[in-house]
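Close look at the chain arrangement
Take a look at the letters that make up each chain.
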Amino acid sequence: MIVLTRLNGVSFALNDELIETISENPDTTIHMTNKNIYIVKEDTQTVINKIVDYRRKVYSTLR
């Protein structure tokens, strides 16, 4: 799970495995496979970096 920030400043954890698309128009909009939509303060590259960092952390413990 990655922690993101809604436009109203509230942080929440998001299951990154359910992300279908991320777009900026102009706010960063995340479409989930379950049809939920989240609009967040972070830009697309920041969201991607958080996903990569989280997965590195999780998979590094599998060794």
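Everything that follows concerns the structure shown earlier in this document.
Given the structure is predicted, the values throughout are model-derived calculations rather than measurements.

**What to know about the nonpolar core**
Core analysis: the biggest nonpolar cluster contains 11 residues, these being I2, L4, F12, L14, I19, I30, M32, Y38, V40, V47 and I51. Of all the secondary structure elements, the ones that give two or more residues to this core are β1 (2-5), β2 (11-14), β4 (28-32), β5 (37-40) and α1 (44-60). If sequence neighbours within four positions are ignored, I2 has contacts with F12, A13, L14, D16, V47, K50, I51 and Y54.

**So, a nonpolar patch on the surface**
A cluster of nonpolar side chains, namely L7, I37 and I39, defines an oily patch on the protein surface of about 260 Å² accessible area. Tracing the chain through its elements places I39 in strand β5. Owing to a relative accessible area of 40%, I39 belongs among the partly exposed residues under this scheme.

**Section: the pattern of salt bridges**
Within this structure, the stated rule accounts for 1 salt bridge. R55 is the partner of D16 in a salt bridge, and the nearest nitrogen-oxygen pair spans 2.8 Å. You can see D16 sitting in the loop between β2 and β3 (19-24) and its partner R55 sitting in helix α1, a full 39 residues away along the chain. Using a relative accessible area of 4% as the deciding quantity, one classes D16 as buried.

Rules and cut-offs
Sequence order as written defines the numbering, with residues in each chain counted from 1. Only residues with pLDDT of 70 or above have their local features reported here, since the model is predicted, and side-chain atom pairs are shown and tallied only from 80 upward, although totals for entire chains, interfaces and linings are computed over all residues. As a rule here, side-chain values come from all non-hydrogen atoms in the structure, and water together with hydrogens is ignored. In this text, buried Ala, Val, Leu, Ile, Met, Phe, Trp, Tyr and Cys residues form a nonpolar core when linked through side-chain atoms within 4.5 Å. Three exposure classes are used, based on accessible area relative to the maximum for each residue type with a 1.4 Å probe and protein chains only: buried under 20%, partly exposed in between, and exposed over 50%. Numbering of helices and strands runs from the N terminus, with a helix taken as a DSSP run of H or I at least four residues long and a strand as a DSSP run of E at least two residues long. Any two residues having at least one pair of non-hydrogen atoms within 4.5 Å are treated as being in contact. Put simply, a patch holds well-exposed residues, over 30% relative accessible area, that have no salt bridge, with like charges counted together within 9 Å and Val, Leu, Ile, Met, Phe, Trp or Tyr side chains within 5 Å. Only the protein chains shown count as covering a residue, and every accessible area follows the Shrake-Rupley method with a 1.4 Å probe. Basic side-chain nitrogens of Lys or Arg form a salt bridge, by our definition, when they fall within 4 Å of a carboxyl oxygen of Asp or Glu.

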